[in-house]
Amino acid sequence: MAAPKIMNVGIDFGSSISVISADNGVRACVPSFVGFPKDMIARKLLGKEYLVGDDAIKNRLSCNIFRPLERGVLKYSDHIEENESDYRQIVWVAQIIFNHLINLATQGRPQDFIIRACIGTPSLANDKNKQALLDLTESMMDCAQIVSEPFSVAYGMSLLSNTLIVDIGGGTVDLCRMQGVYPTQEDQLTVYKAGDYIDNVFFDLLDAKYPDANYTINMLRTFKEENATISDTDEKLVLTLPVCGRPTELDLTEELRQACSSIVPDIADAIKYLISTHDPEFQEELKGNIVLAGGGSKIIGLCEELEKYMTQSLGYGSVRRVPDPVYAGANGALMYCKDMPEDFWIELKESRVQKTAKK
Ligand SMILES: Nc1ncnc2c1ncn2[C@@H]1O[C@H](COP(=O)(O)OP(=O)(O)OP(=O)(O)O)[C@@H](O)[C@H]1O
Ligand SMILES: [Mg+2]
């Protein structure tokens, strides 16, 4: 039997979507949802112990659905002792997602590879959150290390100095100021109004305007992803929803615009803070290099809206979007993984072995 080969992978473990980029060229993503059949009938119907990603969402009436991350970190990982059984369930859910990604990357043959991974987490995940993530990957990876999500975006695009990355995800917006060295805590901020927040605002606005309409947050999220804009436009955004069972066309133009706009002030404040606390000699250059990533960066008109805020509060701002918002984090994490010297991985592996021996 051939000796296992080393495979480097970058993983962006997101609250909405989890993404893997591997050095064999495979790139894949899966919605971060796992469903367990609700009862014996559901199990017979689905023929599986669990479903992952779109499969889980599609069959959600037959399944209990779980998302492992909340506000960007593993649920319950701040208070494991108080929530032991819920936490164990979430660890299992996260492991299913990681296994799924690794199976995709290794084309179903994980046993043929020694997996080394860099995993992205929100900028301000604490040590407990990070350790929880590393622990749960132990059985499926040879070595893993955690990197901050916006840092991995910057690394992957070689934007290592005088750039401010703003990664707009589902649970968090993560900001990271790059100034030519590995970023410290002072260079990073996490804001909790992101894609999920937009969905909730959108839901509430609809509820107020059309109290008799029936819809789920999933339906609204899909509509948002197809139409999200905060630009002024004459185009009407219409969604057909059941009202007392009858399909009815509802105009949601203003509600969607308002919901998408609701995350802008907090992001603008965070950008202002990271610029105004930067070395004054380099502030002007930083203002010209604001780079948006993550699914939320696809909102049409967001770059221009943030530029307006920056012009008002900072005198100037230039905001652009990365070309590949979904994969930018995982690609950067992969590049970082490959660039780490061999000694680093050997030491990491040894410290893991020693820790396991002590347990
Ligand atoms: N075209 C689009 N317009 C607006 N929002 C979008 C669009 N496409 C995706 N999104 C939103 O982007 C968010 C997901 O982005 P991303 O995949 O970067 O998040 P994540 O990495 O899973 O989350 P986090 O980084 O918070 O853990 C979701 O809220 C999704 O609805
Ligand atoms: Mg993310």
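Residues numbered from 1 in each chain as written. Chains lettered and ligands numbered in written order. Predicted model: local features only at pLDDT ≥ 70, side-chain atom pairs only at ≥ 80, totals over all residues. Heavy atoms only, no water.

Taken together, 20 residues sit near ligand 1, with Ser-15, Ser-16, Ile-17, Gly-171 and Glu-225 positioned nearest. Within the side chain of Glu-149, an N or O atom sits 3.1 Å from an oxygen atom of ligand 1. In the model, an oxygen atom of ligand 1 is placed 3.3 Å from a nitrogen or oxygen of the Gly-296 main chain. Taking 650 Å² as the accessible area of ligand 1 by itself, protein coverage stands at 94%. If you map ligand 1 onto the pockets, it falls in the largest pocket. With three residues, the single largest contributor to the shell around ligand 1 is helix α7 (residues 217-227). Residues of the shell around ligand 1, tallied by class, amount to four nonpolar, eleven polar and five charged. (Near = heavy atom within 4 Å. Polar contact = N/O pair within 3.5 Å; in protein donor to acceptor, adjacent residues only side chain to side chain. Areas by Shrake-Rupley, 256 points an atom, 1.4 Å probe, with all protein chains shown as cover. 1 Å grid on protein atoms, 1.4 Å probe; cavity = no way out; pocket = protein on both sides within 12 Å on 5 of 7 lines; lining within 4 Å. Sits in = over half its atoms within 2 Å of the grid points. Helix = DSSP H or I, 4+ residues; strand = E, 2+ residues; numbered from the N terminus. Nonpolar A, V, L, I, M, F, W, Y, C, P; charged D, E, K, R; others polar.)

The subject of this paragraph is the packing of aromatic side chains. Across all of its chains, the model carries twelve aromatic pairs by this definition. Ring geometry for Tyr-182 versus Tyr-336: centroids 6.4 Å apart, planes at 40 degrees, classification tilted. Here Tyr-336 lies in helix α12 (residues 328-339) and Tyr-182 lies in the loop between β12 (173-179) and β13 (188-191), a separation of 154 residues in the sequence. With a relative accessible area of 42%, Tyr-182 lands in the partly exposed category. For the ring pair Phe-203 and Tyr-215, a centre distance of 5.1 Å and an interplane angle of 65 degrees mean the geometry is edge-to-face. (Phe/Tyr/Trp six-rings, centres within 6.5 Å; stacked < 30°, edge-to-face > 60°. Buried < 20%, exposed > 50% of the residue type's maximum accessible area, 1.4 Å probe, protein only.)

This brings us to the layout of surface pockets. Of the voids in this model, the largest pocket is the one considered here, and its volume is about 960 Å³. What lines the largest pocket is a set of 49 residues, among which Ser-16, Ile-17, Glu-225, Gly-295 and Gly-296 lie closest to the centre. Counting residues per element, the lining of the largest pocket draws most heavily on α7, at seven residues. Grouping the constituent residues of the lining of the largest pocket by class yields 20 nonpolar, 16 polar and 13 charged. Estimates place the volume of the second largest pocket at around 270 Å³. Lining the second largest pocket are 16 residues, with Arg-67, Gly-170, Gly-171, Asp-196 and Asn-200 sitting closest to its centre. Among the secondary structure elements, those contributing two or more residues to the lining of the second largest pocket are β7 (69-70), α6 (195-209) and α7. Among the elements that make up the lining of the second largest pocket, the one with the highest residue count is α6 (four residues). (Points joined across faces, edges and corners; volume = space filled by probe spheres on them.)

On to the packing of helix α3 (residues 84-105) against helix α4 (residues 127-137). The interhelical angle for the contact between α3 and α4, taken along N-to-C directions, is 60 degrees, at an axis separation of 10 Å. Between α3 and α4, the angle is such that the two are oblique. Classified by chirality, the crossing of α4 by α3 is right-handed. On α4, the residues that touch Tyr-87, Val-91, Ala-94, Gln-95 and Phe-98 of α3 are Ala-132, Leu-133, Leu-136 and Thr-137. (Axes fitted to C-alpha atoms, helices over the stretch in contact; angles between N-to-C directions. Parallel < 35°, antiparallel > 145°, perpendicular 65-115°, else oblique. Left-handed = near helix turned anticlockwise from the far one by under 90°. Contact = heavy atoms within 4.5 Å.)

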